[in-house]
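Letter by letter, the chains look like this.
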Amino acid sequence: MPQNYLDQWTPEQFEVLEEAILVAKHKIHSTGLFSDEALADLIDRHPSDYLTIAAMGRDANKFEWMVGERGDLTAMELLDAVRNGQLWLNVIAITKFHDEYRKLIDDVYNELEASNPRFKAQNRSGNILISSPHAMVYYHIDLPVNMLWHLRGEKRVWVYPPFDPRFVAPKNIERLIVGEMAEDMPYHTWFEDYALSFDVKPGQLITWPQNTPHRVSNLEGLNVSLSTEHRNPRAQRRLNVHRANRLLRQKFGCECRSISPDGFTARCKEVIARGSNLTTRLIGKKTEEPFSYRKRFLVDPSAEKGWRLLDGEQPETFEEENAVLMGV
Ligand SMILES: [Fe+2]
């Protein structure tokens, strides 16, 4: 018998899924699957290639994101380093490797689908985000539709207008899709005039339309969230429209401004993008890999921020990461 995880949702809350910013209540934090012990056990069973460890500064205006290595720390030592430092862990694709978490995510999505016939969650996936009491995640977008189920600690989330080229250049979404850049997007302080901010506590979900730009600053305590991701035909088409726009511009010099996933043109663009993908596979050309930053630090619980630079790394310059971000 699947459990219910959604807490007192109104019909309007179900209705706006994927269409607007939604903050709603859930009960996932009381499953026992996200205690220190459960997380340490999960991390010890999780393949190392699917664990991202990042460090960052404390100023949202300065992009100082770095990716690092765990070294030989136990999972509990790693969690302690996160609790005491300035670090962010992403335990990626838990649905692939852990039955109990896959079941949880399936139950949650089934519950959403049952109450909104227009809501379809295919290609379901989940990541667990574990971050320091004052960690930040810089301005970025996620490619699939994503939902942040907050579980421990408190964080402030800023959300910016979606589908607006002034906030995220469509060319950068294209670069992200083809693996030329990571999710981080160029940020300007004037964006704040158009941001909505939410203080998110355990037991709250925050979600928004696909590709909506957002950034996060933790406010207190070790923060743990479940980030679920899904796609559906419309979400997939939205990405294919970006692919086709890039292709049409690069191969035929045709500048397509529309990024809408709806209507006849979007469906034509989807055929173009799918055809191009199929050709790439048939001629045996390498398919795109998601971009990842070069690893530059080692987690070190004895260091003030919980990490130290790897041998040979230059002291904290972020030229390489900023060059990727700015596309230079
Ligand atoms: Fe995100």
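Quick caveat, the model's predicted, so the values are computed rather than measured. (Residues numbered from 1 in each chain as written. Predicted model: local features only at pLDDT ≥ 70, side-chain atom pairs only at ≥ 80, totals over all residues.)

S.K.: With reference to specific residues and values, describe the overall build of the protein chain.
M.R.: Secondary structure summary: the protein chain contains nine helices and 13 strands in total. Computed over its C-alpha atoms, the radius of gyration of the protein chain comes to 20 Å, within 12% of the 20 Å expected for a compact globule of 328 residues. Seen through its principal axes, the protein chain has C-alpha atoms that stretch 55 × 55 × 45 Å. Burial analysis of the protein chain (328 residues in total) assigns 38% to the buried set. Long-range pairs, those at least 24 residues apart, make up 81% of the contacts in the protein chain with a sequence separation of at least 6. (Helix = DSSP H or I, 4+ residues; strand = E, 2+ residues; numbered from the N terminus. Rg over C-alpha atoms; globule rule 2.2 N^0.38 Å. Buried ≥ 20, exposed ≤ 12 C-beta atoms within 10 Å, placed from the backbone. Contact = placed C-beta atoms within 7 Å.)

S.K.: I'd love a proper account of the environment of P144, names of residues and values included.
M.R.: Turning to its location among the elements, P144 is positioned in the loop between β7 (136–140) and β8 (145–159). The class for P144 is buried, based on 21 C-beta atoms found within 10 Å. Measuring from C-alpha to C-alpha, the distance between P144 and H230 comes to 5.8 Å, with 86 residues separating the pair along the chain. P144 has contacts with E229, H230, R231 and A235, leaving out every residue within four places of it along the chain.

S.K.: Explain the pairing of strand β4 (residues 66–69) to me, using residue names and the numbers behind them.
M.R.: Burial of the side chains of β4 is restricted to one face: M66 and G68 are buried, whereas none of V67 and E69 on the reverse face is. Note: strand β3 (residues 51–55) against β4, three bridges, orientation antiparallel. Following the sheet pairing, I53 is matched in β4 by G68. (Pairing = 2+ DSSP bridges.)

S.K.: Describe in detail helix α7 (residues 233–252), supporting the description with residues and values.
M.R.: Across its 20 residues, α7 extends 27 Å between first and last C-alpha, which sits within 8% of the 28 Å expected from 1.5 Å per residue. Among the residues of α7, A235, R237, R238, L239, N240, V241, H242, R243, A244, N245 and R246 are the ones counted as buried. Tucked inside the fold, the buried residues of α7 contact β8, α6 (170–177), β11 (214–231) and α8 (264–282). Just beyond α7, the residue with positive phi is G253, at close to 65 degrees. (Expected span 1.5 Å × (residues − 1).)

S.K.: Which residues make up the nonpolar core, and what are the values?
M.R.: Counting 68 residues, the largest nonpolar core has L87 and I130 as the members making the most contacts within it. Those residues within four positions of L87 in sequence are excluded, and the remaining contacts are I53, A55, A81, V82, S131, S132, A135, V299, G306 and W307. (Core = buried A, V, L, I, M, F, W, Y, C linked by C-beta atoms within 7 Å.)

S.K.: So what about the domain arrangement of the protein chain? Which residues, and what values?
M.R.: Often the size quoted for an interface is simply the accessible area lost on bringing the parts together. Domain annotation of the protein chain identifies domain 1 (6–168 + 184–231 + 294–326) and domain 2 (235–282). Taking only C-alpha atoms into account, the centre of domain 1 sits 29 Å from that of domain 2. Every contact between the two is made by six residues of domain 1 and, on the other side, five residues of domain 2. Partitioning the side of domain 1 that touches domain 2 into residue classes produces four nonpolar, one polar and one charged. (Domains from an automatic or database assignment. Nonpolar A, V, L, I, M, F, W, Y, C, P; charged D, E, K, R; others polar.)

S.K.: Describe in detail the packing of α6 against α7, supporting the description with residues and values.
M.R.: Put simply, α6 and α7 touch, their axes get as near as 9 Å, and they point 100 degrees apart. One way to sum up the angle between α6 and α7 is to call them roughly perpendicular. Residues P170, I173, E174 and I177 of α6 touch α7, and the partners they reach there are L239, H242, R243, N245 and R246. (Axes fitted to C-alpha atoms, helices over the stretch in contact; angles between N-to-C directions. Parallel < 35°, antiparallel > 145°, perpendicular 65-115°, else oblique.)

S.K.: Quick rundown of helix α3 (residues 75–84)? Include the residues and the values.
M.R.: Those residues of α3 that fall on the buried side of the exposure criterion are A75, L78, L79, A81 and V82. End-on, the buried residues of α3 take up no more than an arc of 160 degrees, which puts them together on one face. On the buried face of α3, the contacting elements are α2 (36–45), β5 (87–91), β6 (122–131), β11 and β12 (295–299). (Arc of directions from axis to C-beta.)

S.K.: Hey, could you go over the packing of α7 against α8 for me, with residue numbers and the actual values?
M.R.: It is at 8 Å that the axes of α7 and α8 come closest, and there the two elements cross at 75 degrees. On the basis of their axis angle, the class for α7 and α8 is roughly perpendicular. Of α8, the residues touching α7 (which contributes R237, N240, V241, R243, A244 and L247) are A266, K269, E270, I272, A273, R274 and S276. The residue makeup of the contact of α7 with α8, split by class, is six nonpolar, two polar and five charged.

S.K.: How would you summarise unusual backbone geometry if you had to cite specific residues and measurements?
M.R.: Although it is not a glycine, Q8 adopts a positive phi angle of roughly 55 degrees. Following the sequence through the fold, Q8 ends up in the loop between β1 (6–7) and α1 (11–15). Residue classification places Q8 among the exposed positions, given that 8 C-beta atoms sit within 10 Å. Not every positive phi belongs to a glycine, and F163 is a case in point at roughly 55 degrees. In this structure, F163 sits in the loop between β8 and α6.

S.K.: For the environment of E19, give the residues involved together with the corresponding values.
M.R.: For E19, the position within the fold is in the loop between α1 and β2 (22–26). C-alpha of E19 to C-alpha of T207: the two residues are 188 residues apart in sequence and 9.6 Å apart in space.

S.K.: Tell me about the environment of P117, and please be specific about residues and values.
M.R.: Within the element layout of this structure, P117 appears in the loop between α5 (99–115) and β6. Sequence separation between P117 and P290 is 173 residues, and the spatial gap between their C-alpha atoms is 32 Å.

S.K.: Residues and numbers for the pairing of β12, please.
M.R.: With three bridges joining them, β4 and β12 adopt parallel strand pairing. Directly across from G68, in β12, lies its bridge partner F297. Pairing between β12 and strand β13 (residues 307–309): three bridges, direction antiparallel. Across the sheet, V299 pairs through a bridge with W307, a residue of β13.

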